[in-house]
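Observations on chain architecture
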Amino acid sequence: MLKLDLTLPDWVRVMRIIIVGQGPFGDKVLAALLRKGEDVVGVFCPKDKRGDAMATTALSAGLAIFRPARMKDDEVRETYLELGPDLVILAFVTDLIPESLLDIPPLGTICYHPSLLPRHRGASGINWAVIQGDIRTGLTIFWVDKGIDTGPILLQKEIEITPADTTGSLYFNSLFPLGIEAIVEAVDLIKSAKAPKVPQDDSLATYEPPCDDNAAAIDWSKPASEVYNLVRGCDPQPGAYSTLNGEKVRFYNTMLTETTEETSPGQVIGIDAGEVVVALNGGALKIGKIKTEKGAKLVADEFAKEIDLKVGMRFGR
């Protein structure tokens, strides 16, 4: 009787995995893969508090953990070679991964990115999707190459951006948990040799810089929808800002509303329980929380009381 050899290649049955990451996302990805019984042979995370959660999880699981100053340091490559990974997973990485590391794992390196690539390449994909008024976004797991977010797509998940969404709500309510699931799914696809490599269409690509204070200043003369998109796209970080008496003030928990008042954009037109209302060009902005550079984030009407903000006063001065 003919006997069939159904033995799978070693890399299908067991993959040696390195995880590089930081923060709660990196920690939850590590925990999810450990629950699945994956063979994690090394964990790389930053030396500072960004890496503490991952380090704690890795140590409790008895894993080898490495906290280099920079991923391009020579000892990182040496450690990679010693660990002999089949696959490397980048689970929220802000450090640059040198090309010399990409050639080591035979199955490649995959990365989580919180946008529907090739749209919104760069460090702030969620922010810019909201700021630019997109009505849908998502996440991409892609194969890393030497470019910035340019590698072939393994899988994508798409979600809606509602008018009330902020960068924070999209990430914590959707893109964070979906991202963990997507990485686990991607690993399963790679193990079963079913993981696609779909080239990105560079003609559809956009790249934006980090969403920092260079992008977060409010221009009150712009249409109401653009101001609102900027504010919610910068919520919670970096916080869209204007000035009052020469000091930066940042706005959070906002809502776009209509108004019949004909008032100069940026002017305070209402102070009510829990909110300050500011005139826009074609509407009004209800602000739930406000923060100065040195102060704590306050409910808007409490902020108004603290600094004696009055109806008729104007932001942007």
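The structure presented is a predicted model; accordingly, all values stated were derived computationally and were not measured.

For the rest of this paragraph, the subject is the overall build of the protein. Across its full length, the protein holds ten helices and 13 strands. With respect to the three principal axes, the spread of C-alpha positions in the protein is 90 × 35 × 30 Å. Evaluated residue by residue, the protein yields a buried proportion of 50% over its 317 residues. Intrachain contacts of the protein at a sequence separation of at least 6 include 65% that bridge at least 24 residues. When the accessible area of the protein is evaluated, it comes to approximately 15700 Å², of which 52% is carbon and sulfur surface.

Topologically, Ser169 is positioned in helix α7 (residues 167-191). At 2.9 Å, the side chain of Ser169 forms a polar contact with the backbone nitrogen of Thr166.

This part covers helix α3 (residues 52-60). For an α-helix, 3.6 residues make a turn, and residues three or four places apart therefore share a direction. Among the residues of α3, Met54, Ala55, Thr57 and Ala58 are the ones counted as buried. Projected onto a plane normal to the axis of α3, the buried residues spread over an arc of 165° and lie on a single side. The exposed residues of α3 that point more than 90 degrees off its buried face are Thr56, Leu59 and Ser60. The inward-facing, buried residues of α3 abut β1 (16-21), α2 (23-35), β2 (39-44) and β3 (65-66).

Strands sit in the order β3-β2-β1-β4-β5-β6-β7 across an open sheet of seven strands; the sheet is mixed. The open sheet has two free edges, formed respectively by β3 and β7 (153-160), since each of these has just one partner strand. Those strands touched by α2 are β1, β2, β4 (87-91) and β5 (109-113), and its axis lies near 140° from that of β4.

The first and last C-alpha atoms of α2 sit 19 Å apart over 13 residues, in line with the 18 Å expected at 1.5 Å per residue. Elements in contact with the buried residues of α2: β1, β2, α3, β4, β5 and α7. Downstream of α2 by one or two residues, Gly37 has phi in the positive range, about 80°.

The next subject is the packing of α2 against α3. In the contact formed by α2 and α3, the axes pass within 7 Å of each other and the chain directions differ by 20°. Here α2 is positioned roughly parallel relative to α3, judged by the angle of their axes. Note on packing geometry: the crossing formed by α2 with α3 is right-handed. Taken together, the residues of α3 that come into contact with α2 (itself represented by Gly23, Gly26, Asp27, Leu30 and Leu34) are Ala53, Met54, Thr57 and Ala58.

As a further point, take the environment of Glu185. Within the secondary structure layout, Glu185 lies in helix α7. With 44 residues separating them along the chain, Glu185 and Ile141 place their C-alpha atoms 9.8 Å apart. Contacts of Glu185, omitting those with residues within four sequence positions, involve Leu155 and Lys157. Engagement of the side chain of Glu185 in a polar contact is seen with the side chain of Lys157, the distance being 2.8 Å.

Reading guide: rules and limits
- Residues numbered from 1 in each chain as written.
- Predicted model: local features only at pLDDT ≥ 70, side-chain atom pairs only at ≥ 80, totals over all residues.
- Heavy atoms only, no water.
- Helix = DSSP H or I, 4+ residues; strand = E, 2+ residues; numbered from the N terminus.
- Buried < 20%, exposed > 50% of the residue type's maximum accessible area, 1.4 Å probe, protein only.
- Contact = heavy atoms within 4.5 Å.
- Areas by Shrake-Rupley, 256 points an atom, 1.4 Å probe, with all protein chains shown as cover.
- Polar contact = N/O pair within 3.5 Å; in protein donor to acceptor, adjacent residues only side chain to side chain.
- Arc of directions from axis to C-beta.
- Pairing = 2+ DSSP bridges.
- Axes fitted to C-alpha atoms, helices over the stretch in contact; angles between N-to-C directions.
- Expected span 1.5 Å × (residues − 1).
- Parallel < 35°, antiparallel > 145°, perpendicular 65-115°, else oblique.
- Left-handed = near helix turned anticlockwise from the far one by under 90°.

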